[in-house]
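Residue-level structure breakdown
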Amino acid sequence: MKLLQAPNGLYGSITVPADKSISHRSIMFGALAIGQTTIKNFLRAQDCLSTLNAFKKLGVPITDDGTTITVTGVGFNGLTKSPAAIDIGNSGTTIRLMMGILAGQNFTTTLFGDESLNRRPMERVMAPLRQMGAHLTGKEDSEFPPITIQGTKELVPIDYQMPVASAQVKSAIIFAALQAKGTSTIIEKEISRNHTEEMIRQFGGKIMTDGREIRLTGPQTLSAQNVIVPGDISSAAFFLVAAAITPDSQLYLKNVGMNPTRTGIIDVLTQMGAKLAVENVDAENQAADLKIETTNLEAITIEGEIIPRLIDELPIIALLATQANGQTIIKNAEELKVKETNRIDATAEELQKMGADIIPTADGLIINGPTPLKGAEVSSRGDHRIGMMLQIAALIAKGVTTLQFPEAINISYPNFFNDVKKIIAGENNA
Ligand code: S3P
């Protein structure tokens, strides 16, 4: 596919799609609560539809009238055995969080995914769930999917020091702990996105958090809620960077989720000197509008506790750094290697094709800028965030860029290319 260019800058406003992490969890909590949960602004993209379909297979009635999704919650004791193995597609969040939920069920379930998901590490989730009493096995005794989960109604609580900073691992343990009899304590390696903890409270459950320490007592009963999903800051990130690096641009991004465990990209842009304003803050729904204009950017070092707050944004931040003055260093981001692709290699190799000065390291990237980019033949490698990052790179590249596997964007942002087109100055707006 030939990618779009923006010779006259970017201009206009975009309402970015709904938050992927919250959309997944809204189905899960809806299913596990008692009563009817309604979800507005649900992300109808492949990953979240994998979650929706998986819970239907477990006997949860879910309807969609085009505006509102209604989940008739069955409670922790109302899920039923799926007649067949469940296809989870590309979604790491779905498979890992479901492992925690299914660990507490008295039936056996097999979850499998696409080629990418079947290469992603699961021992990090299986190990703590085994300690709690569930029986989990990967394909041919490996840690990789298909994963078979033989749950138990007799889960025991856990005291667990997490070896990786991962909201997916944390959430799987929390879902199991909600079903175990007694108090579990989880110590995070670094603070990661806290949507699971927040939604437990929203659905009437109890969980204590103090810095990196999380404590909860099971079993708990949750009650149905009306959920409104805010926009996804991880999707907004592509346009924040696009406006920052494309000369003569100004963009408004509306209703962007501003949960502080997700806003590392705002901190990075601010530190690099971007012209970014946060407006119309809706504190109750943790959302705001963001206004951003093109400006000169300075290189920075990105490391340590900020990494989990921007983990999904690192490919697009790497592109941002190619246009900043000086050397940007990204460290402590080895988790990028086990995402939908190895995002350290994919980001470096694809941007190198476009002329960027970017070197992969064991736990991150080193980028020297500013470097003019040139059109090239690049590939998403089947990874949505790599594909979207490359489209943003193409906006400022000289010459034609073509993208292989553009359909990868359907995982989180099916309307992405249309939204890009909408804001190219001179296309639809002067
Ligand atoms: C997610 C957690 C992150 C993130 C993923 C969504 C979640 O993964 O990369 O896109 O919704 O919990 P890890 O927890 O494995 O870092």
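Up top you'll find the structure we're talking about.
Let me sum up the structure you'll find in this document. Note that the structure is a prediction, hence the values are computed from the model and not measured. Numbering of residues starts from 1 in each chain and follows the order in which that chain's sequence is written. For this predicted model, a pLDDT threshold of at least 70 governs which residues receive local features, and a threshold of 80 or more governs which side-chain atom pairs are given and counted, while totals over whole chains, interfaces and linings are taken from all residues. Remark: hydrogens and water are excluded; side-chain values derive from all non-hydrogen atoms of the structure.

Concerning the nonpolar core
If you look at the biggest cluster of nonpolar residues, it comprises 76 residues, and the most contacted ones within it are Phe 239, Leu 319 and Phe 416. Numbered from the N terminus, helices here are DSSP runs of H or I no shorter than four residues, and strands are runs of E no shorter than two. At 11 residues, helix α7 (residues 233–245) tops the list of elements feeding residues into this core. By nonpolar core is meant a set of buried Ala, Val, Leu, Ile, Met, Phe, Trp, Tyr and Cys residues that side-chain atoms within 4.5 Å join together. Per-residue accessibility, obtained with a 1.4 Å probe over protein chains only, is compared with the maximum for each type, and a residue is labelled buried under 20%, exposed over 50%, and partly exposed between these values. Residues Ala 103, Leu 111, Ala 134 and Val 227 belong to the second largest nonpolar core, which totals 68 residues.

Here's the deal with the sheet that holds strand β18 (residues 301–302)
Strand pairing requires that DSSP identify at least two bridges connecting the strands. Across the sheet, which stays open at both edges, the four strands sit in the order β18-β19-β21-β20 with mixed pairing between neighbours. In this open sheet, the two strands that pair with only one neighbour each are β18 and β20 (357–361). Two strands pair when backbone bridges link them, and strand β19 (residues 326–330) and strand β21 (residues 364–369) are joined in this way by five bridges, in the antiparallel orientation. Across the sheet, the residue bridging to Gln 327 is Asn 368, located in β21.

A few points about the pairing of strand β12 (residues 213–218)
Here β12 shows a buried face lined by Ile 214, Leu 216 and Gly 218 and an unburied face lined by Glu 213, Arg 215 and Thr 217. As paired strands, strand β10 (residues 182–187) and β12 are joined by six bridges and run antiparallel to one another. The residue bridging Thr 185 from the neighbouring strand is Arg 215, located in β12. Note that strand β11 (residues 208–210) and β12 share three bridges and pair antiparallel. Bridge pairing in β12 places Thr 209 opposite Ile 214.

So, the pairing of strand β6 (residues 108–112)
Of the two faces of β6, only one is covered, namely that formed by Thr 109 and Leu 111; the face formed by Thr 108, Thr 110 and Phe 112 stays uncovered. Two strands pair when backbone bridges link them, and strand β5 (residues 86–87) and β6 are joined in this way by two bridges, in the parallel orientation. Paired with Ile 86 across the strands is Leu 111, a residue of β6. Regarding topology, helix α3 (residues 92–102) serves as the crossover connection from β5 to the parallel β6, and that connection is right-handed. In this sheet, strand β8 (residues 147–150) lies alongside β6 in antiparallel orientation, the contact comprising four bridges. When the bridges of β8 are listed, Thr 110 appears paired with Thr 148. Crossover handedness is defined here as right-handed if the route from the first strand over the helix to the second strand goes clockwise, with the strands pointing away from the viewer.

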